[in-house]
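Analysis of the macromolecular model
Below, each chain spelled out in residue letters.
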Amino acid sequence: MTEKSGSRSGPPDEPIPGYKTIADFTKDGYKFLMEGTKYANQLPTGRDRNFYSAFDSFTKILNEESQRLMDGMTSVLKKNEVGANMRNQHIDKKNEILIDANDIILERVANNIDEMNGIKKTVGSEPVSQTVSIQPPVRINGSWNKNSNAHLSVSSSSTTVVVSRQTKEMTIRLLAAENIVKPQKFFTDEINNCHDDPWEPKIKDKPNSLKPLAIFLEETDVGREYSHPYEYELDRYTPSDELLTKIQLNKPKLIKDTPLIEINESSQLPDLLEELRRHKIIAVDLEHHSYRSFMGITCLMQISTQNTDYLIDTLALRNDLWILNEVFTKPDIVKVFHGAQSDIVWLQRDLSLYVVNMFDTYFAAKQLAYSGLSLAFLMNRFCNFIPNKQFQLADWRMRPLPVELKNYAREDTHYLIYIYQNMRNELIDRAHGETNLLKAVIDNSTNLCKKRYFKPTWHENIHLEFYNRCSRNFDNRQLFALKEIYKWRDQIARVEDESFSYVLPNNMLLEIAERLPKEMQGILACCSPVPPLVRVNLLEIHKIILKALEKPFEQPILKENNRARGSTTIITKINMDSPLHCPHDMTRNEEYRDDLPTLITATTQQIIQGILSTKLDIEQYESTCSVFNVKTNIKCVNSPERKDQKLTNNLKFLGPFERYQLVRPFIKVKEKFIHNS
């Protein structure tokens, strides 16, 4: 591994200082992460947070710890040369920066491990799983391979590599998906990526309805969008008394003892529907792919009952699964999800499926203030089962699915019903027999079911939202190139039905816009590896850069508005040679006269100093001048009348209009000068 990817210098078998093996170091690292997550989840939220924020000590500690965390994250991003400046950013933008940085670092790690093990990606290989057995080297990296049961998993957008070290040989399982034929080519429904057309629900039948099916356009904050077909039913859904009582626990069967049924033909759906109707609780999960699709595609659906696990091929049955609305919208059947924020919109977009009566175990974990909120944490807590997350980033478009992916997929729902039963009882116990906590989880889950799918938007200044998240300062030429290439990438991604990351990753986009290479070879040098669509459209990108270089150079001065929440970059041009420029003048007014009369002149200063030098009673004096132009005299009891009295009587207050009349000749001269020049 390179220095940027977190490797250590020195011999490969040199242990980490303070640790005998990397396994010990990793174990301690996970321990600290778990403790940090636990304490973070215990921090007050909502109304409790507002109450504690009234105490200065609480706010001070939070600010100090937040600053430490921000400094640490900024240091890591800076050393790895990834990400952008996280300071003064909104929380959503900070999350996006961290996600992008993690993707880049993990991609580097994956490439370095591939190179270290002599694994090379071959272009043109068939998209099938392949098993390769090689003799293990004497030492791969440090001492991680001393453990005979050690496993190494590396996942990227195109390949999944599993290294399992055994006694005599090493087995490398390559789950390649680089040249899979895009499933979208076989879809019978049209994929419309145009940003001008809102996404339209394709549901034609509405079972379990309280109101007939009616889909119409609505005006929303993001533009015109179609209504939610089951919004009326969700607004009126209330859990039955049976769902608000404690439930008997039924431990799940072992996976090896549970039948697995694969559904990949439409003729199997009626039997599946009939079987699901018999159950009061089912568990659901989805596997998604977004790298070779603009909006993304749902590749697999997992459904588990008390007795059976189902794997449903959502690519082959994309237009037939609407029949499952009979079960998914039935209020008497609980649909258990975990973290269904994306699953709900994926079901709508690809399968025309909607959910009524959902229980999201993620909301339950937050309500119970668990130290961990992931599904893996819940599986370990209630089932003493640690899932295998080696294939979390696998390409789920592969057909047929390898056995490893099938086992991984069914694990996500196999234990979910038992987890739901435990959490439902615990919510009631935590509320001392009341149902308020359980109802809160159900309400949050129901509100999530009302979520609608929105297409990725585009507008003329969307590139500035991306630019404000990066740490680079561009001039007008670079900003023009960034805008035009960003627009080109958006158009190509929609037409070719590809993701932004496939067309042109963000880091390469910024590199091209910053360097503005004059030659086409320089554009290719900014990309490693070169994306296929960049090579095909190289001439068009080159024209954009040449057009940017023809523009007159203007160096912007960037100002950061710290008073606003988040970060707002204001680009202004300031003439430093102008006689009207004053860095200390915050009024931004172009009034420039140094010969205007003021209330305090040299004479009046002497008068005031003379008055203050005598020990007088201040209350015995009247003001020297009045804003109403009333001439007053200084009445002094203990001091003689001064000769300067006449000067103070002649002072006159100048109102705004009078000041404008005095400045007007100067403004006319300036306007005439600007007009002639």
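Residues numbered from 1 in each chain as written. Predicted model: local features only at pLDDT ≥ 70, side-chain atom pairs only at ≥ 80, totals over all residues. Heavy atoms only, no water.

Description of the overall build of the chain
Secondary structure assignment for the chain yields 23 helices and 14 strands. For the chain, the residues scored as buried account for 40% of the 677 residues in total. At a minimum sequence separation of 6, the contacts of the chain that also span at least 24 residues come to 65%. Approximately 40,000 Å² of the chain is accessible, and the part contributed by carbon and sulfur atoms is 52%. (Helix = DSSP H or I, 4+ residues; strand = E, 2+ residues; numbered from the N terminus. Buried < 20%, exposed > 50% of the residue type's maximum accessible area, 1.4 Å probe, protein only. Contact = heavy atoms within 4.5 Å. Areas by Shrake-Rupley, 256 points an atom, 1.4 Å probe, with all protein chains shown as cover.)

Details of the pattern of salt bridges
Where charged atoms of side chains with opposite charge meet at close range, the side chains can pair. Inspection of the entire model under this criterion finds 25 salt bridges. Across the pair R494 and D490 runs a salt bridge, and its minimum N-O distance is 2.7 Å. Taken as a pair, R494 and D490 lie in helix α15 (residues 476-496) at a separation of 4 residues, close to a single helical turn. (Salt bridge = Lys/Arg side-chain N within 4 Å of Asp/Glu carboxyl O.)

Observations concerning helix α11 (residues 403-414)
Every α-helix winds through 3.6 residues per turn, so residues three or four apart in the chain are directed the same way. For α11, spanning 12 residues, the distance from its first C-alpha to its last is 16 Å, which sits close to the expected 16 Å at 1.5 Å a residue. Burial analysis of α11 places 9 of its 12 residues in the buried class, which makes it a mostly covered element. Of the residues making up α11, those classed as buried are L405, K406, Y408, A409, R410, E411, D412, T413 and H414. (Expected span 1.5 Å × (residues − 1).)

Section: the packing of helix α10 (residues 375-383) against helix α12 (residues 416-430)
With their axes 10 Å apart at the nearest point, α10 and α12 run at an angle of 75° to one another. When the interaxial angle is binned, α10 and α12 end up roughly perpendicular. Residues L375, L378, M379, R381, F382 and C383 of α10 touch α12, and the partners they reach there are L416, Y418, I419, N422, M423 and E426. For the contact of α10 with α12, the residue count by class is 9 nonpolar, 1 polar and 2 charged. (Axes fitted to C-alpha atoms, helices over the stretch in contact; angles between N-to-C directions. Parallel < 35°, antiparallel > 145°, perpendicular 65-115°, else oblique. Nonpolar A, V, L, I, M, F, W, Y, C, P; charged D, E, K, R; others polar.)

Regarding the sheet that holds strand β7 (residues 260-263)
What the 6 strands build is an open sheet, ordered β7-β10-β9-β8-β11-β12; its pairing is mixed. A strand with exactly one partner marks an edge of an open sheet, and here the two such strands are β7 and β12 (358-360). On average, each strand axis in the sheet is inclined to that of its neighbour by 25°, with strand direction left out of account. Both β7 and strand β10 (residues 309-313) contribute to a ladder of 4 bridges, which runs parallel. Within the sheet, the bridge partner assigned to I263 lies in β10 and is I312. Along the sheet, helix α6 (residues 269-277) makes contact with β7, β8 (281-289), β9 (297-304) and β10, crossing β10 at roughly 140°. (Pairing = 2+ DSSP bridges.)

With respect to unusual backbone geometry
Here the residue pair R399 and P400 is connected by a cis peptide bond, since its omega of -5° sits within 30 degrees of zero. Each neighbour pair has its own omega, and for S528 with P529 the value is -5°, a cis peptide bond. With respect to the helices and strands, the residue P529 is situated in the loop between α18 (520-525) and α19 (532-536). Located in the positive-phi region is N208, a residue other than glycine, with phi close to 55°. Here N208 is to be found in the loop between β4 (170-175) and β5 (217-220). A positive phi angle, near 60°, is found at A369, a position not held by glycine. Its location among the elements puts A369 in the loop between α9 (361-367) and α10.

Some points on the packing of α12 against helix α13 (residues 436-449)
Running from N to C, α12 and α13 point in directions that differ by 135°, and their axes come no closer than 7 Å. Taken together, the axis directions place α12 and α13 in an arrangement best described as oblique. Contacts between α12 and α13 involve R424, L427, I428 and R430 from the first element and L437, L438 and V441 from the second. Looking at side-chain class alone, the contact of α12 with α13 contains 5 nonpolar, no polar and 2 charged residues.

Some remarks on the nonpolar core
Among the nonpolar cores identified, the biggest contains 109 residues, and M301, I303, L324, F328 and L504 are the most heavily contacted of them. In terms of nonpolar packing, the next biggest core, distinct from the first, is built from 15 residues, F187, F391, A394 and M398 among them. (Core = buried A, V, L, I, M, F, W, Y, C linked by side-chain atoms within 4.5 Å.)

A short note on the side chain of H414
By secondary structure assignment, the location of H414 is in helix α11. Polar contacts involving the side chain of H414 include one to the main-chain carbonyl oxygen of K253, which spans 2.6 Å. Polar contacts involving the side chain of H414 include one to the side chain of D309, which spans 2.9 Å. Excluding residues within four positions of it along the chain, H414 makes contact with P252, K253, L254, I255, T258, S304 and D309. (Polar contact = N/O pair within 3.5 Å; in protein donor to acceptor, adjacent residues only side chain to side chain.)

Side note on helix α3 (residues 56-79)
For α3, spanning 24 residues, the distance from its first C-alpha to its last is 34 Å, which sits close to the expected 34 Å at 1.5 Å a residue. Among the residues of α3, F58, L62, M70 and L77 are the ones counted as buried. Where α3 terminates, the next one or two residues include E81, which has phi positive at roughly 55°.

Concerning the confidence of the model for the chain
Summary statistics for the chain give a mean pLDDT of 78 and a share of 73% for residues scoring 70 or more. The secondary-structure element of the chain with the lowest mean pLDDT is strand β2 (residues 151-155), recorded at 38, while strand β11 (residues 334-337) shows the highest, at 98. In this model, residues 615-621 is a region of pLDDT below 50 whose contacts with residues beyond four sequence positions or in other chains number 10 contacts. (pLDDT = per-residue confidence, 0-100.)

Let's talk about the packing of aromatic side chains
Counting across every chain of the model gives 17 aromatic pairs. Aromatic side chains F51 and Y52 sit 5.6 Å apart centroid to centroid with 75° between the ring planes, which places their arrangement in the edge-to-face category. Residue F51 is classed as exposed on the basis of its relative accessible area, which comes to 51%. Owing to a relative accessible area of 39%, Y52 belongs among the partly exposed residues under this scheme. Seen from their ring centres, W199 and Y453 are 5.7 Å apart, and the 85° between their planes marks the pair as edge-to-face. Taken together, the residues span a long stretch of sequence, with W199 in the loop between β4 and β5 and Y453 in the loop between α13 and α14 (462-469) at a distance of 254 residues. (Phe/Tyr/Trp six-rings, centres within 6.5 Å; stacked < 30°, edge-to-face > 60°.)

Some remarks on a nonpolar patch on the surface
Taken together, the side chains of F51, Y52 and F55 present a nonpolar region at the surface, about 320 Å² in accessible area. Along the chain, F55 turns up in the loop between α2 (47-52) and α3. (Patch = residues over 30% accessible without salt bridge, like charges linked within 9 Å, V, L, I, M, F, W, Y side chains within 5 Å.)

As for the environment of N436
Counting through the fold element by element, N436 comes out in helix α13. N436 gets classed as partly exposed once you look at its relative accessible area, which sits at 46%. Linking N436 and L244, residues 192 residues apart in sequence, is a C-alpha distance of 9.4 Å.

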